[in-house]
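Examining the three-dimensional arrangement
As a plain string of letters, each chain reads:
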Amino acid sequence: MELLRTLGVLAEAPGPAQARLAAAAGLPAPPDDAAHTELFRFQLPPYASIYLGSRGMLGGEARDRIAGFWRALQATPPPEPDHLATLLAAHASLVERDAAAGGASPWRAARHAFFWEHLASWLVPYLARIVELGEPFHRAWARALEAALAAEAALLGPPTAPPAHFAAAPPVAADSAEALLDAVLAPARSGVILTRRDLQAGARRLEVGLRQGERRFALTWMLRQDPRGTLAWLAEEAARQAAAGSLSWSPPGFITAHWQDRARETARILGGAAREAPSPDQEVVHA
């Protein structure tokens with residue numbers, strides 16, 4: 001399972017070591033620091049808690065659940081237990097322990113649980129977005145990781161229950177504009193991974209200004225300028241991501257259904273909110 005460790009290291013900042021590892025894995029040369037920072041810091045940070053937590057933010061209960069896996073194995077959690085490099089290295093260690101025990105031991109159960117709960121639960125939609133937004137190296141890296149995930153899934157067999165992360169992430173509800181915005185920006189709740197680059201594209205399409213800052217701040221500013229258009233664009237993006245699916249492999253049952261069903265429902269709710277929202281012209285009339 002050295003491939004998993006290698007692919008994890010390649011999600012970290014590029015350098016001489018990454019270039020050698022990429023070549024050994026048959027991948028293109030990694031991009032420069034600027035391209036890496038743009039993708040993995042500003043667009044798609046490789047932290048599971050962002051995509052699995054109910055708030056769509058780094059840390060929180062999702063990170064605590066991942067750290068709890070280490071504690072269950074009577075080990076001290078690493079400083080960033082939800083970073084992709086850490087997760088892949090941890091899973092590689094479980095694979096090695098399982099192999100050493102002959103495949104019929106508590107290590108196989110731990111390997112199965114860790115894979116479906118903390119890796120496959122979020123990596124397929126995440127990698128699909130990497131392919132959309134990344135450089136050639138990132139696209140090749142994502143496809144290599146997806147192939148490794150598919151092989152591991154085939155060996156381990158399907159999950160027996162939905163990941164606990166999903167149960168802790170309530171679906172999108174149009175209770176208020178504030179609540180709707182919070183839910184849309186939490187991927188586990190909305191089924192949608194919305195990046196800064198998506199917001200830039202939406203603002204250009206709607207011909208509205210986009211203020212720099214966190215996604216919530218930028219999206220709020222778009223909604224103030226054109227609530228109907230912004231909500232309609234968000235609904236369209238949710239429907240697009242629901243239809244896009246994965247790269248070439250979809251996890252069975254619970255996981256694929258969660259992401260697709262949530263994205264479809266988010267598109268439906270946003271579409272309804274858009275029809276009820278005022279247009280910019282109406283806002284001027286009422287002012």
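Please read these numbers as outputs of a predicted model, since none were measured by experiment.

Per the secondary structure count, the protein includes 16 helices and 0 strands. Taking 287 residues into account, the globule formula puts the C-alpha radius of gyration at 19 Å, and the protein, at 20 Å, falls close to it. By its C-alpha atoms, the protein is 75 × 40 × 35 Å across when sized along the principal axes. Counted over contacts in the protein with a minimum sequence separation of 6, partners at least 24 positions apart contribute 67%. Just so you have it, the protein exposes about 13000 Å², and 55% of that area is on carbon and sulfur atoms. Charge centroids of the protein, computed over 28 positive and 30 negative side chains, lie 1 Å from each other.

Our next topic: unusual backbone geometry. Even without being a glycine, Gln 74 presents a positive backbone phi close to 60°. Phi angles above zero are rare outside glycine, and Glu 207 is one such case at about 60°. Structurally, the position occupied by Glu 207 is in the loop between helix 12 (196-206) and helix 13 (215-225). Classification of Glu 207 as exposed rests on a relative accessible area of 73%.

With respect to the element layout, His 258 can be found in helix 15 (residues 254-276). By relative accessible area, which is 9% here, His 258 ends up buried. The residues contacting His 258, other than those within four sequence positions of it, are Phe 166 and Ala 188.

As a further point, take the pattern of salt bridges. Taken as a whole and assessed by the stated rule, the structure comprises 16 salt bridges. Taking the shortest distance from any N to any O, the salt bridge between Asp 98 and Arg 108 comes out at 2.5 Å. Here Asp 98, found in helix 6 (residues 84-100), pairs with Arg 108, found in helix 7 (residues 106-133); they are 10 residues apart in sequence, far enough to count as distant. Exposure remark for Asp 98: the relative accessible area of 0% places this residue in the buried category. Here Glu 236 makes a salt bridge to Arg 205, at a shortest N to O gap of 2.7 Å. You can see Glu 236 sitting in helix 14 (residues 227-244) and its partner Arg 205 sitting in helix 12, a full 31 residues away along the chain. A single salt-bridge network, built from bridges that share partners, covers Arg 129, Glu 132, Asp 198, Glu 237 and Arg 240.

A separate point is the confidence of the model for the protein. For the protein, mean pLDDT is 91; residues scoring 70 or higher make up 96% of the total. Per-element confidence in the protein ranges from a low mean pLDDT of 52 for helix 16 (residues 280-286) to a high of 98 for helix 4 (residues 48-52).

Quick look at helix 13 now. Taken together, the buried positions of helix 13 are Ala 218, Leu 219 and Met 222. Viewed end-on, helix 13 has its buried residues packed into an arc of 95°, placing them on one side of the element.

This next bit is on the packing of helix 5 (residues 60-72) against helix 7. Interhelical geometry of helix 5 versus helix 7 gives an angle of 170° and a closest axis separation of 12 Å. Of the possible angle classes, the one that applies to helix 5 and helix 7 is roughly antiparallel. The segment helix 5 lies against helix 7, with Arg 65, Ile 66, Phe 69 and Trp 70 engaging Ala 110, Ala 113, Phe 114 and His 118. Split by residue class, the contact of helix 5 with helix 7 holds 6 nonpolar, 1 polar and 1 charged.

Once that is clear, we can look at the nonpolar core. The biggest cluster of nonpolar side chains holds 51 residues, and the ones touching the most others in it are Phe 115, Trp 122, Leu 123, Tyr 126, Trp 141 and Leu 145. Looking at this core, the elements that each hand over two or more residues are helix 1 (2-9), helix 3 (33-43), helix 4, helix 5, helix 6, helix 7, helix 8 (136-156) and helix 15. Considering each element in turn, this core owes the most residues, 14 residues, to helix 7. When neighbours within four sequence positions are excluded, Tyr 126 is seen to be in contact with Phe 40, Leu 44, Pro 45, Pro 46, Tyr 51 and Ile 193. Counting residues in hydrophobic clusters, the runner-up holds 23 residues, among them Val 172, Leu 185, Leu 219 and Met 222.

The rules behind the values
Residues numbered from 1 in each chain as written. Predicted model: local features only at pLDDT ≥ 70, side-chain atom pairs only at ≥ 80, totals over all residues. Heavy atoms only, no water. Helix = DSSP H or I, 4+ residues; strand = E, 2+ residues; numbered from the N terminus. Rg over C-alpha atoms; globule rule 2.2 N^0.38 Å. Contact = heavy atoms within 4.5 Å. Areas by Shrake-Rupley, 256 points an atom, 1.4 Å probe, with all protein chains shown as cover. Lys, Arg positive; Asp, Glu negative; His and termini not counted. Charge placed at Lys NZ, Arg CZ, Asp CG, Glu CD. Buried < 20%, exposed > 50% of the residue type's maximum accessible area, 1.4 Å probe, protein only. Salt bridge = Lys/Arg side-chain N within 4 Å of Asp/Glu carboxyl O. pLDDT = per-residue confidence, 0-100. Arc of directions from axis to C-beta. Axes fitted to C-alpha atoms, helices over the stretch in contact; angles between N-to-C directions. Parallel < 35°, antiparallel > 145°, perpendicular 65-115°, else oblique. Nonpolar A, V, L, I, M, F, W, Y, C, P; charged D, E, K, R; others polar. Core = buried A, V, L, I, M, F, W, Y, C linked by side-chain atoms within 4.5 Å.

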